Amino acid sequence: MDVLIKDALILTQDARREIVRGDILVQDGKISKIAKSIRADADEKIDAKGKLAFPGLVNAHTHIPMSLFRGYAEGMVLHDWLEKKIWPAEAKLKPRHIRAGSMLSILEMVRSGTTCFNEMYIAHMDEVCRAVLETGIRASVGHGLFDLVKKTDAKDELKNGTSLVEKWSGKSPLLNISMAPHAPYTCSEELILLAKGHARKKSLKFHMHISETRKEVFDSLREKGKRPVEYLHSLGVLDENTVLAHGSWVTKRESALAGKAGASISHNPVANLKLATGGICPLHEYLEAGANIALGTDGTASNNCHNMLETMKFAQLMQSHLYWDPLRVSIQNVWDFATMNGAKALGFNAGSIAPGKEADIVLADLRSSNLAPLHDARNLLFSMHPGNITDVLIAGKPILREGKFTELDEQKIIGEAQEAAEDLVSP
Ligand SMILES: [Zn+2]
């Protein structure tokens, strides 16, 4: 299907970070041309006059079925929250719940301009993969592995990850499967090494939580004699295919280790603030060290939304606050984190509006009271909200057009999520 987007203001995120006015031609799911005026016989023409086009946002760390727990348990300390609320509900998860939560999250992501996400969750992951293919969103999906909590054998636990790879790898260009050991404190050394070994053998991404809380760092020092990133470095699992979620409580030496290895960091500012983890991820140090920084929302039980526009704003404001300097991590840096860097972290040829790239494109209506007047389009990240987004294309396919889903039955999905959530939390 060919699509011609006419007369947009384009925040390209190309190599020169140009902002241009013109047309975008999409052919066979890819961006083929950008020019002041393009004449072409496209299957669909989109009038983007008065609209901003920007690359689809990439959510580099989340747990999408957890949207069923949005607002279910608030104002609790982490331990009570997990033991009294989340774990008992998660013990009841059936495939239909995973499906309902996944579909709800995908609706929310598309409506807020996200076209690609990095997923890790613990049960019935086939349903997440099915939801990705059914909706046409782009994703990297891994089965969260943790042998220490379950007290299972590392080799048996690994099979959860490898069987997802066998079943779904290569099924669609929209779907990558990753290996996703949960965290250094929930996985044995044997499991981490097995998971990375399999990832290397099959050229997969390796996705793991790390250094989210100060307690985790102290426990690691006590038990292993090393800080968490030093520990992963000593195991030899840091490389350009590793995506570390959080990485907030790190020393300069650790950010240097991650950067030297070319690893990606998913910074999740809103979830960190909500869980009151204290430390702020030192993005400037990571940048200086050469790490690939991306942004994520984390799951909706600890955020409570998948709104990447909000995450981008929080990221920039928190870094300004951290360094007492609004320029140390710039607005342009934040656009890079949320687009091209996220795509790189997950292994997709997306994240900018440039010829040859996957056509993941978002349109926002500039004729909105919170977006006018227009100065530098980059600065709109401080005031844009999901209600401004009118159109979303993923791999060139319009998923949202003029504020309406082209194929997905939004109200049905929301209704099914409500039923599934009530089912899970009923006594
Ligand atoms: Zn997480």
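The model shown is predicted, which means the values in this text are computed figures rather than measured ones.

Peer 1: Even after reading the chapter, I still don't get the overall build of the protein chain, so can you show me in this structure?
Peer 2: Along its length, the protein chain carries 14 helices and 17 strands. Scaling as 2.2 N^0.38, a compact globule of 427 residues should have a C-alpha radius of gyration of about 22 Å, and the protein chain matches this with 21 Å. Along the three orthogonal principal directions, the C-alpha set of the protein chain runs to about 65 × 45 × 45 Å. Considering the protein chain as a whole, with its 427 residues, one finds that 59% of them fall into the buried category. Distance from the positive charge centre (52 side chains) to the negative charge centre (53 side chains) of the protein chain: 2 Å.

Peer 1: Just checking my understanding: could you explain helix H3 (residues 125-135) for this structure?
Peer 2: Note that an α-helix has 3.6 residues per turn; residues three or four places apart therefore point the same way. Buried residues of H3: Met125, Glu127, Val128, Cys129, Ala131, Val132 and Thr135, and no others. Next to the buried residues of H3 lie helix H2 (95-111), strand E7 (114-121), strand E8 (138-145), helix H5 (154-168), strand E9 (175-181) and strand E16 (397-401). Immediately downstream of H3, the backbone of Gly136 shows phi near 85°, a positive value.

Peer 1: Help me understand the coordination of the zinc ion in this model?
Peer 2: For a metal with four tetrahedral donors the ideal donor-metal-donor angle is 109.5 degrees, whereas six octahedral donors ideally subtend 90 or 180 degrees. Around the zinc ion, the protein contributes the donor atoms His61 (NE2), His63 (NE2), His209 (NE2) and Asp298 (OD), at 2.1 to 2.4 Å from the metal centre. Between the four donor atoms coordinating the zinc ion, the angles at the centre fall across 80 to 177°, so the site counts as irregular.

Peer 1: Which parts of the structure should I look at to understand empty space enclosed by the protein?
Peer 2: Counted under the stated rule, the structure contains one cavity of 30 Å³ or more. In this model, the largest cavity occupies a volume close to 40 Å³. Lining the largest cavity, in full, are Glu134, Thr135, Lys397, Pro398, Ile399, Thr406, Glu407 and Leu408. At the level of elements, H3 and E16 are the ones that each hand at least two residues to the lining of the largest cavity. With three residues, the single largest contributor to the lining of the largest cavity is E16. In the lining of the largest cavity, the residues fall into three nonpolar, two polar and three charged.

Peer 1: Can you walk me through H5 in this structure?
Peer 2: With 15 residues, H5 extends 22 Å from end C-alpha to end C-alpha; this agrees with the ideal 21 Å at 1.5 Å per step. At Asn160, H5 shows its maximal kink, close to 30°. Among the residues making up H5, those that are buried are Ala154, Glu157, Leu158, Gly161, Thr162, Leu164, Val165 and Trp168. Among the structural elements, H3, E8, helix H4 (147-150), E9 and helix H6 (189-202) are those in contact with the buried residues of H5. Between a side-chain oxygen at the N-terminus of H5 and the backbone nitrogen of Lys155 the separation is 3.0 Å; the capping residue is Asp153.

Peer 1: Explain the domain arrangement of the protein chain to me, please; I cannot follow it from the model alone.
Peer 2: Often, the extent of an interface is quoted as the loss of accessible area on bringing the components together. Domain annotation of the protein chain identifies domain 1 (3-55 + 352-405) and domain 2 (57-346). For domain 1 and domain 2, the distance between their C-alpha centroids amounts to 28 Å. Taken together, the 25 residues of domain 1 in the interface contact 25 residues of domain 2. Interface of domain 1 and domain 2: buried area, both sides summed, is about 2400 Å²; carbon and sulfur atoms make up 66% of it. Of all residues in domain 1, Leu381, Phe382 and Phe405 give up the largest surface area on contact with domain 2, accounting jointly for 28% of the area buried on that side. Where domain 1 meets domain 2, there are three salt bridges. In this structure, Asp336 engages Arg17 in a salt bridge whose closest nitrogen and oxygen atoms are separated by 3.0 Å. Here domain 1 and domain 2 share 12 residue pairs in polar contact (both at pLDDT 80 or more) between them. Sorting the residues of the side of domain 1 that touches domain 2 by element identifies strand E5 (51-55), strand E15 (389-394), E16 and strand E17 (404-405) as the ones contributing at least two each. Looking at which element gives the most residues to the side of domain 1 that touches domain 2, the answer is E15, with four residues. The residue inventory of the side of domain 1 that touches domain 2, partitioned by class, reads 16 nonpolar, four polar and five charged.

Peer 1: Explain the environment of Arg328 to me, please; I cannot follow it from the model alone.
Peer 2: When you line up the elements, Arg328 lands in the loop between helix H12 (308-323) and helix H13 (331-346). By relative accessible area, Arg328 is classed as partly exposed at 32%. With 12 residues separating them in the primary sequence, Arg328 and Gln316 have C-alpha atoms 9.5 Å apart. In contact with Arg328, not counting residues within four places along its chain, are His284, Tyr323 and Asn333. Side chain to side chain, Arg328 and Asp325 meet in a polar contact 3.4 Å long.

Scoring rules and cut-offs
Residues numbered from 1 in each chain as written. Predicted model: local features only at pLDDT ≥ 70, side-chain atom pairs only at ≥ 80, totals over all residues. Heavy atoms only, no water. Helix = DSSP H or I, 4+ residues; strand = E, 2+ residues; numbered from the N terminus. Rg over C-alpha atoms; globule rule 2.2 N^0.38 Å. Buried < 20%, exposed > 50% of the residue type's maximum accessible area, 1.4 Å probe, protein only. Lys, Arg positive; Asp, Glu negative; His and termini not counted. Charge placed at Lys NZ, Arg CZ, Asp CG, Glu CD. Contact = heavy atoms within 4.5 Å. Donors = N, O, S within 2.8 Å, 3.2 Å for Na, K, Ca; no water. Tetrahedral: all angles 85-135°; square planar, octahedral: opposite > 155°, others 65-115°. 1 Å grid on protein atoms, 1.4 Å probe; cavity = no way out; pocket = protein on both sides within 12 Å on 5 of 7 lines; lining within 4 Å. Points joined across faces, edges and corners; volume = space filled by probe spheres on them. Nonpolar A, V, L, I, M, F, W, Y, C, P; charged D, E, K, R; others polar. Expected span 1.5 Å × (residues − 1). Bend = angle between axes of the 7 residues up to and from the residue. Polar contact = N/O pair within 3.5 Å; in protein donor to acceptor, adjacent residues only side chain to side chain. Domains from an automatic or database assignment. Buried area = accessible area lost by both parts, 1.4 Å probe. Salt bridge = Lys/Arg side-chain N within 4 Å of Asp/Glu carboxyl O.

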